[in-house]
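So the chains spell out like this:
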Amino acid sequence: MAITGVNNYNSVYESTYALSKKEAANKEETKETAAAQKSAETAKNSRNEECLKNLQKQVPYMKLQIGYGLNTNNDGKVNVVDVNPKLLEKTQI
């Protein structure tokens, strides 16, 4: 009588090992990609802040800040304007 099915177990372990190596490589790529995205985002934020400072120089009687729409912290304050970050990105070009 011949023993069958021995090779099937071997291939399951081999494929599991190969899959774990592939997942480890993907995790490293994901970490590198996340780091690159984070550095790009911080660079974009610093450019937005620079652009906002330049706009602030042009309009000294207004207080400009980066934000979206209405800000409840500014209720009752006069001459405070929130500038959308996407608008700042467009003005940089």
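Let me begin by describing the structure that accompanies this report. (Residues numbered from 1 in each chain as written. Predicted model: local features only at pLDDT ≥ 70, side-chain atom pairs only at ≥ 80, totals over all residues. Heavy atoms only, no water.)

So, the overall build of the protein
And step 1. Across its full length, the protein carries 2 helices and 2 strands.
And step 2. For the protein, the proportion of its 93 residues judged to be buried stands at 12%.
And step 3. Residue pairs in contact within the protein that sit at least 24 positions apart in sequence constitute 24% of those at least 6 positions apart.
And step 4. For the protein, the exposed area adds up to about 8200 Å²; of that, 55% sits on carbon and sulfur atoms. (Helix = DSSP H or I, 4+ residues; strand = E, 2+ residues; numbered from the N terminus. Buried < 20%, exposed > 50% of the residue type's maximum accessible area, 1.4 Å probe, protein only. Contact = heavy atoms within 4.5 Å. Areas by Shrake-Rupley, 256 points an atom, 1.4 Å probe, with all protein chains shown as cover.)

Overview of the nonpolar core
And step 1. C51, L52, L64, V83 and L88 together form the largest nonpolar core, which totals 5 residues.
And step 2. Leaving out residues up to four positions away in the same chain, L52 has contacts with L64, Q65, I66, V83 and L88. (Core = buried A, V, L, I, M, F, W, Y, C linked by side-chain atoms within 4.5 Å.)

Considering the side chain of Q65
And step 1. Within the fold, Q65 resides in strand β1 (residues 63-66).
And step 2. At 2.7 Å, the side chain of Q65 forms a polar contact with the side chain of D82. (Polar contact = N/O pair within 3.5 Å; in protein donor to acceptor, adjacent residues only side chain to side chain.)

Re the environment of E49
And step 1. Its place among the elements puts E49 in helix α1 (residues 6-58).
And step 2. Each C-alpha atom, one on E49 and one on P85, is 9.2 Å from the other, the two residues being 36 residues apart in sequence.

What about the environment of L88?
And step 1. Inspection of the secondary structure puts L88 in helix α2 (residues 85-92).
And step 2. On the basis of relative accessibility, which here comes to 0%, the residue L88 falls in the buried class.
And step 3. For the pair L88 and N48, spaced 40 residues apart in the sequence, the C-alpha separation amounts to 5.8 Å.
And step 4. Discounting chain neighbours no more than four positions away, the residues touching L88 are N48, C51, L52, L55, I66 and V83.

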